[in-house]
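Structural description and commentary
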Amino acid sequence: TSNNHLAYMQLALAQAKQSPPKDSNFRVGAVLVDAESNTILTTGYTLELPGNTHAEQVCLIKYAKAHDVPEERVSEVLPTNTVIYTTIEPCAKRLSGKLPCVERILRTRKVDGEGGIRKVYVGMKEPEKFIKEGELKSGRMKLEDAGIECVAVPGLESEIMDVATTGHQ
Ligand SMILES: Nc1nc(=O)c(N)c(NC[C@H](O)[C@H](O)[C@H](O)COP(=O)(O)O)[nH]1
Ligand SMILES: [Zn+2]
């Protein structure tokens, strides 16, 4: 139901508020959810873990760690109907050159095409500040092409933006 989505997005926003301000990224929060049982698997916020980490990346690292696999093998342990809520859409490219979250989400799918993250619930699109719209659009297309639906959860955009850009000049 839509108010369930809003509740998870509000939780993601609460995570984003814990992120240390930095002028070269956005403060984002994310919540990894098992949609089958409607239970929270992990939460994450930008820079929560060392290595200039993104919120979505933190969720996956934590879940993988809890199941004794490295993040790149999280597909082996994720529940089959996993979804992620993120205050800003998964990044398609990162100025740091690190692996974008779109790629991290794509590789949660098992080799046989089963499981992994099936839907991405987004609080708002990434503002065109670090990355051009063309790149952002190609990221969205990659997810759609892989059958991963991006669903907007409206209502928190202005608060998400305020939190995301705290610390920017
Ligand atoms: N969805 C999302 N989650 C995050 O946790 C985060 N920080 C961003 N931010 C996107 C922005 O485009 C990148 O932060 C810049 O491109 C700089 O790249 P780095 O973060 O330094 O790798 N986006
Ligand atoms: Zn990212």
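Up top is the structure.
Let me sum up the structure you'll find in this document. Just so it is clear, the structure is predicted and the values come from calculations on it, not from any experiment.

Remarks on the pairing of strand E3 (residues 82–88)
Counting buried residues along E3, 7 of its 7 residues qualify, which places the element largely inside the surrounding structure. In terms of strand pairing, strand E1 (residues 29–34) meets E3 through 5 bridges, oriented antiparallel. Across the sheet, Leu32 pairs through a bridge with Ile84, a residue of E3. Sheet analysis places E3 next to strand E4 (residues 117–124), joined by 6 bridges and oriented parallel. Within the sheet, the bridge partner assigned to Val83 lies in E4 and is Lys119. Read from E3 through helix H3 (residues 101–106) to E4, the crossover connection turns out right-handed.

Remarks on the site of ligand 1
The local shell around ligand 1 holds 19 residues, among which His54, Glu56, Arg94, Ser96 and Glu126 are the closest. Between an oxygen atom of ligand 1 and a side-chain N or O atom of His54, the distance comes to 2.7 Å. Backbone polar atom of Leu95 to an oxygen atom of ligand 1: 3.1 Å apart, as the coordinates give it. Burial of ligand 1 by the protein chains amounts to 98% of its free accessible area of 500 Å².

Here we look at the packing of helix H1 (residues 2–16) against helix H5 (residues 157–164)
In the contact formed by H1 and H5, the axes pass within 10 Å of each other and the chain directions differ by 20°. One element, H1, and the other, H5, form an angle in the roughly parallel class. As H1 packs across H5, the resulting crossing turns out to be left-handed. On the side of H1, the interface is formed by Met9, Leu13 and Ala16, while H5 contributes Glu159, Ile160 and Val163.

Quick notes on the coordination of the zinc ion (ligand 2)
With distances of 2.1 to 2.3 Å, the protein atoms coordinating the zinc ion (ligand 2) are His54 (ND1), Cys91 (SG) and Cys101 (SG). Within one chain, the residues donating to the zinc ion (ligand 2) are spaced in sequence as H-x36-C-x9-C. Linking His54 in the loop between strand E2 (39–45) and helix H2 (55–66) with Cys101 in helix H3, this pair joins segments that are 47 residues apart in sequence. Look at His54 and you get buried, because its relative accessible area is 17%.

A look at the sheet that holds E2
Strands sit in the order E2-E1-E3-E4-E5 across an open sheet of 5 strands; the sheet is mixed. Both edges of this open sheet fall to E2 and strand E5 (149–152), since each of them pairs with a single strand only. Direction aside, neighbouring strands of the sheet carry axes that sit 20° apart on average. Note that E1 and E2 share 6 bridges and pair antiparallel. By the bridge assignment, Val33 is partnered in E2 with Ile40.

Thresholds, definitions, all that
Residues numbered from 1 in each chain as written. Chains lettered and ligands numbered in written order. Predicted model: local features only at pLDDT ≥ 70, side-chain atom pairs only at ≥ 80, totals over all residues. Heavy atoms only, no water. Buried < 20%, exposed > 50% of the residue type's maximum accessible area, 1.4 Å probe, protein only. Helix = DSSP H or I, 4+ residues; strand = E, 2+ residues; numbered from the N terminus. Pairing = 2+ DSSP bridges. Right-handed = clockwise from strand over helix to strand, strands pointing away. Near = heavy atom within 4 Å. Polar contact = N/O pair within 3.5 Å; in protein donor to acceptor, adjacent residues only side chain to side chain. Areas by Shrake-Rupley, 256 points an atom, 1.4 Å probe, with all protein chains shown as cover. Axes fitted to C-alpha atoms, helices over the stretch in contact; angles between N-to-C directions. Parallel < 35°, antiparallel > 145°, perpendicular 65-115°, else oblique. Left-handed = near helix turned anticlockwise from the far one by under 90°. Contact = heavy atoms within 4.5 Å. Donors = N, O, S within 2.8 Å, 3.2 Å for Na, K, Ca; no water.

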